[in-house]
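Topology and contacts: notes
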Amino acid sequence: MRNAQLPMEGKPRPTGVSLNATHREFDRPPERGGNDHIRRLLKSFGLRTSLIRLKVIDALLKAAHENRCLGVRGVHSQLLGLDIPLSFLSVREVLKRLCSEGVVTLNADKSYRLHPSAMAVLEAEE
């Protein structure tokens with residue numbers, strides 16, 4: 001009977017290592033980008049970090065620095081312009097959740113902006 005854990009030659013396969021992995025993958029430091037301040041913001045509001053939350057908050061933060069507010073379409077198109085293929089519905093749902101948690105504020109004109117308390121957390125990090 002053949003053991004599925006052993007290759008045909010009978011040598012044990014190392015655990016935790018992909019057979020297709022190259023040495024370069026292990027030598028590289030983990031890539032994080034400059035999103036640590038947004039990660040801390042989400043943690044301070046008791047939210048998990050996800051790529052879509054990072055990108056949406058980053059888009060709203062850039063808009064705030066330009067004294068603009070963005071609607072769902074504005075955030076979505078900004079993300080598409082950065083080659084981040086997220087659906088319109090996903091962006092809308094993330095904005096709704098961030099709004100319900102107090103990270104984001106929905107304005108009367110249906111645009112979104114970071115809540116002043118969220119901005120204070122982000123500015124304290126800079």
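Analysis parameters
Residues numbered from 1 in each chain as written. Predicted model: local features only at pLDDT ≥ 70, side-chain atom pairs only at ≥ 80, totals over all residues. Heavy atoms only, no water. Helix = DSSP H or I, 4+ residues; strand = E, 2+ residues; numbered from the N terminus. Buried < 20%, exposed > 50% of the residue type's maximum accessible area, 1.4 Å probe, protein only. Contact = heavy atoms within 4.5 Å. Expected span 1.5 Å × (residues − 1).

Identification of the chain as Fe2+ zn2+ uptake regulation protein from Pseudomonas beijingensis is taken from an unreviewed UniProt entry.

Looking at the overall build of the chain
Scanning the chain for helices and strands turns up six helices and two strands. Counting from the amino terminus, the chain carries its helices and strands in the arrangement α-α-α-α-α-β-β-α. Counting across all 126 residues of the chain, residues that qualify as buried make up 29%. Contacts spanning at least 24 positions in sequence make up 45% of the contacts within the chain whose residues lie at least 6 apart.

A look at helix α5 (residues 88–100)
For α5, spanning 13 residues, the distance from its first C-alpha to its last is 18 Å, which sits close to the expected 18 Å at 1.5 Å a residue. Where α5 is buried, its residues meet α2 (36–44), α3 (51–65), α4 (72–81), β1 (104–106) and β2 (112–114).

Brief notes about the environment of Val 103
Following the sequence through the fold, Val 103 ends up in the loop between α5 and β1. C-alpha of Val 103 to C-alpha of His 115: the two residues are 12 residues apart in sequence and 5.4 Å apart in space. Every residue in contact with Val 103, bar those within four places of it in the chain, is listed here: Leu 41, Phe 45, Leu 47, Ile 57, Leu 98, Leu 114, His 115 and Ala 118.

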